[in-house]
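In case you want the letters, here they are:
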Amino acid sequence: MRRRPVDFRRPVRRRVSNVLWWVLSGIAVLLFIFVLSKGSQIESRPEIPKRPYRHDRIMEGLNITEEMVSPDSVTRQLSDQISLAKAFVVIAKESNNLQFAWELSAQIRNSQILLSNAAIRRTPLTTRESETAIRDMALLLYQAQQLHYDSATMIMRLKAKIQALDDQMSSVSEKSSKYGQIAAEEVPKSLYCLGVRLTSEWFRNLNLQRKHKERKQIDMKLKDNNLYHFCVFSDNILATSVVVNSTALNSKNPEMVVFHLVTDEINYAATKAWFSMNDFRGVTIEVQKFEDFSWLNASYVPVLKQLQDSETQSYYFSGNSDDGRTPIKFRNPKYLSMLNHLRFYIPEVFPALEKVVFLDDDVVVQKDLSALFSIDLNSNVNGAVETCMETFHRYHKYLNYSHPLIRAHFDPDACGWAFGMNVFDLVEWRKKNVTGIYHYWQERNVDRTLWKLGTLPPGLLTFYGLTEPLDPSWHVLGLGYTNVDSQLIEKGAVLHFNGNSKPWLKIGIEKYKPLWEKYVDYSHHLLQQCNFH
């Protein structure tokens, strides 16, 4: 076979070497470009500013010095020792180790003097000048640990102390409530004095009796349904006088106002005397005693029947029937008083009347109330201000919903309302036999399982579905137990001192007393003789 000429042979080795050289050159160029780009990135990256350390701002806010946060701070070490020593002083005193408590207190004073001197001269404490104080305090703290004044012991002792204080506070709170209730139930000497003097005046002064007889000749006014009739059931002469006086002074037409007052046998003469010797801007006033109501007997009135029961008498008057488990406020005999329950018999007390405004004796009237008599009750019997703005004034607060009778007939979230200022449509009352409804529920609560306290719970049952809500400004409550918004007081037509802190008692809320006292004539000779002021 003939070989090719030299010019036509393939340069194999030379070609391979050339390829390798070009590859290596490309890699080198790429590396060079990469290095240059990285360098430019490093150079173009902005310098990150150094953030101030967070504790600088904390120190500035708390006014902490560098010396105090230094790990070698003598001042901080002394302060920590003082804090711990103070705790040990308390424990030592509790353990009756008064000598050791005194030694700790003395060393605390020494350390505090060192800190005060350093603060005055504005230079940090040195190790040399504080070495003795730190060592002495450390020895005392070590001794406290040997006496088992360690953290665990301290915690146990403090827990026991807290428990003892809680028990003491509960006891004091219970006693305060009990004594407050007793104070609220007691008749002040001045009121008792006024009753006695008025009774004497009535039987001694024939002019008073003649004046009262002359007033009785206005019987036509007492039955005139075109007039404004108010009723108050009370044995408190001065409180009733404030209700009548405040109503008369704020009435646009006092000559159209008729007050029907019902009291008991004991206060009957005194009440007649007071309202005969004082003028109330021409307001007509009738005084009766409930003992004269022949229909008011045990065969008709469940409360009177219950009063004859020995168990009921023991519950309310002896206080021994349940070993004191029932709070004293639930055992107040006033809740069985006929003057308190007479509000459920208003149609029987005033058979000729069609509409009446009922007022409690602890209210003050500061607006004209004549507009109440033109309010449409929409065929309801009771016009009242609702009190369910807060949750606890709903039905479930007053009634026992574990009882099947209550659970079956009444909505637990129904809105409560207040006695104290109520408009009663006596025509609808008689038509719907409301007094009979009251009797039904009262007879089923002989064992006090439906409710325990007062006349409001039976009122809520009796007038359930028969109550028309009134504008809240007609009746402002709470002046006898809590703070009331001043704007509500200013707008209120009737202010109610419900609660224990009645304005005629020493325990009355001082800032609200002037609202009541401005309707009392303290210059009256009988009030001065009985030390009213």
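Residues numbered from 1 in each chain as written. Predicted model: local features only at pLDDT ≥ 70, side-chain atom pairs only at ≥ 80, totals over all residues. Heavy atoms only, no water.

## Quick notes on the overall build of the chain
Inference 1: From N to C terminus, the chain includes 24 helices and 10 strands.
Inference 2: Every one of the 533 residues in the chain was classed for burial, and the buried ones make up 43%.
Inference 3: Pairs at least 24 apart in sequence give 74% of the contacts found in the chain among residues at least 6 apart.
Inference 4: If you sum the accessible surface of the chain, you get close to 31,400 Å²; carbon and sulfur atoms cover 54% of it. (Helix = DSSP H or I, 4+ residues; strand = E, 2+ residues; numbered from the N terminus. Buried < 20%, exposed > 50% of the residue type's maximum accessible area, 1.4 Å probe, protein only. Contact = heavy atoms within 4.5 Å. Areas by Shrake-Rupley, 256 points an atom, 1.4 Å probe, with all protein chains shown as cover.)

## A look at the sheet that holds strand 5 (residues 363-365)
Pairing between the strands of a sheet is mediated by backbone hydrogen bonds and can be parallel or antiparallel.
Inference 1: Spatial ordering of the open sheet is given by 5-10-9, a layout of 3 strands whose pairing is mixed. Unpaired on one side and paired on the other, strand 5 and strand 9 (475-476) mark the two borders of the sheet.
Inference 2: As defined by bridge partners, strand 9 adjoins strand 10 (residues 494-496) across 2 bridges and the pair is classed as parallel. Paired with Val 476 across the two strands is Leu 495, which belongs to strand 10. (Pairing = 2+ DSSP bridges.)

## A word on helix 11 (residues 237-249)
Inference 1: In a regular helix each residue adds 1.5 Å, so 13 residues correspond to 18 Å; helix 11 covers 18 Å between its end C-alpha atoms and thus fits that length.
Inference 2: The element helix 11 is largely enclosed, with a buried count of 12 among its 13 residues.
Inference 3: Among the residues making up helix 11, those that are buried are Ile 237, Leu 238, Ala 239, Thr 240, Ser 241, Val 242, Val 243, Val 244, Asn 245, Ser 246, Thr 247 and Ala 248. (Expected span 1.5 Å × (residues − 1).)

## Some words on the layout of surface pockets
Inference 1: Space inside the second largest pocket adds up to approximately 550 Å³.
Inference 2: Forming the walls of the second largest pocket are 20 residues, and the residues nearest its centre are Pro 188, Ser 190, Trp 504, Leu 505 and Lys 506.
Inference 3: Looking at the lining of the second largest pocket, the elements with two or more residues in it are helix 8 (189-204) and helix 23 (513-517). (1 Å grid on protein atoms, 1.4 Å probe; cavity = no way out; pocket = protein on both sides within 12 Å on 5 of 7 lines; lining within 4 Å. Points joined across faces, edges and corners; volume = space filled by probe spheres on them.)

## Considerations on a nonpolar patch on the surface
Inference 1: Among the surface-exposed residues, Val 187, Tyr 192 and Val 196 lie close enough to one another that they form a single nonpolar patch of about 330 Å² accessible area.
Inference 2: Structurally, the position occupied by Val 196 is in helix 8. (Patch = residues over 30% accessible without salt bridge, like charges linked within 9 Å, V, L, I, M, F, W, Y side chains within 5 Å. Salt bridge = Lys/Arg side-chain N within 4 Å of Asp/Glu carboxyl O.)

## Quick notes on the packing of aromatic side chains
Inference 1: With the rule as written, the count across this model stands at 26 aromatic pairs.
Inference 2: Relative to Phe 419, the ring of Phe 358 has its centre 6.3 Å away and its plane inclined at 75°; by these criteria the two rings are edge-to-face. With Phe 358 in strand 4 (residues 355-359) and Phe 419 in the loop between helix 18 (404-409) and strand 7 (421-425), this pair connects stretches of sequence that are 61 residues apart. Each of the two residues, Phe 358 as well as Phe 419, counts as buried. (Phe/Tyr/Trp six-rings, centres within 6.5 Å; stacked < 30°, edge-to-face > 60°.)

## Considerations on the state of the cysteines
Inference 1: Under the counting rule described, the total for this entry stands at 2 disulfides.
Inference 2: By sequence-ordered numbering of the bonded cysteines, the chain has its disulfides arranged as 1-4, 2-3. (Disulfide = S-S within 2.5 Å.)

## Describing unusual backbone geometry
Inference 1: With a phi close to 55°, Arg 281 is a non-glycine residue in the positive phi region.
Inference 2: As for its position among the elements, Arg 281 is in the loop between helix 12 (265-277) and strand 3 (284-289).
Inference 3: The phi angle at Asn 433 is positive, at roughly 50°, despite the residue not being glycine.
Inference 4: With respect to the secondary-structure elements, Asn 433 resides in the loop between helix 19 (426-432) and helix 20 (434-443).

## A word on the packing of helix 11 against helix 12
Inference 1: Close contact between helix 11 and helix 12 brings their axes to 10 Å; oriented N to C, the two are set at 35°. Along this stretch, helix 11 crosses helix 12, giving a crossing that reads as right-handed. Touching Ile 237, Thr 240, Ser 241 and Val 244 of helix 11 are Asn 267, Ala 270, Thr 271, Trp 274 and Phe 275, all from helix 12.
Inference 2: Residue composition of the contact of helix 11 with helix 12, by class: 5 nonpolar, 4 polar and no charged. (Axes fitted to C-alpha atoms, helices over the stretch in contact; angles between N-to-C directions. Left-handed = near helix turned anticlockwise from the far one by under 90°. Nonpolar A, V, L, I, M, F, W, Y, C, P; charged D, E, K, R; others polar.)

## Concerning the nonpolar core
Inference 1: Judged by nonpolar contacts, the single largest core of 62 residues is most densely connected at Leu 194, Phe 230, Phe 259, Ile 285, Leu 359, Leu 372 and Leu 479.
Inference 2: Sort the elements by how many residues they give to this core and helix 11 lands first, with 7 residues.
Inference 3: Residue contacts for Phe 230: discarding those within four places in its chain leaves Thr 247, Val 257, Val 258, Phe 259, His 260, Val 357, Leu 359, Leu 369 and Phe 373.
Inference 4: The next biggest cluster of nonpolar side chains, apart from the first, holds 44 residues, and it includes Phe 233, Phe 410, Trp 441 and Trp 451. (Core = buried A, V, L, I, M, F, W, Y, C linked by side-chain atoms within 4.5 Å.)

## Points about the side chain of Thr 271
Inference 1: Counting through the fold element by element, Thr 271 comes out in helix 12.
Inference 2: Thr 271 has contacts with Ile 237, Thr 263 and Val 287, leaving out every residue within four places of it along the chain.

## Side note on the confidence of the model for the chain
Inference 1: When pLDDT is averaged across the chain, the result is 83; 77% of the residues are at 70 or more.
Inference 2: Within the model, pLDDT remains below 50 along residues 42-46, and this stretch shows 0 contacts once partners closer than five positions in the same chain are excluded. (pLDDT = per-residue confidence, 0-100.)

## Considering helix 12
Inference 1: Counting buried positions along helix 12 yields 10 of 13 residues, so the element is predominantly enclosed.
Inference 2: Buried within helix 12 we find Asn 267, Tyr 268, Ala 269, Ala 270, Thr 271, Lys 272, Ala 273, Trp 274, Phe 275 and Ser 276.

## Quick look at the pattern of salt bridges
Inference 1: Using the criterion set out here, one finds 9 salt bridges in the structure.
Inference 2: The residue Lys 502 makes a salt bridge to Asp 362 at a minimum N-O spacing of 2.5 Å. With Lys 502 in the loop between strand 10 and helix 23 and Asp 362 in the loop between strand 4 and strand 5, the pair connects residues that are 140 residues apart, well separated along the chain.
Inference 3: Judged by its relative accessible area of 14%, Lys 502 is buried.

## Some points on the sheet that holds strand 6 (residues 382-384)
Inference 1: Strand order in the open sheet made by the 7 strands is 3-2-1-4-7-6-8, with mixed pairing throughout. With partners counted over all chains shown, the strands left at the sheet margins are strand 3 and strand 8 (467-469), one partner each. Across this sheet, the average inter-strand angle for adjacent strands is 25°, counted without regard to direction.
Inference 2: Direction of pairing for strand 4 relative to strand 7: antiparallel, over a ladder of 5 bridges. The partner of Lys 355 across the bridge, within strand 7, is Asp 425.
Inference 3: Along the sheet, helix 11 makes contact with strand 1 (228-233), strand 2 (257-263), strand 3 and strand 4, crossing strand 2 at roughly 175°.
Inference 4: Of the strands in this sheet, strand 2 and strand 3 are in contact with helix 12, which crosses strand 3 at around 165°.

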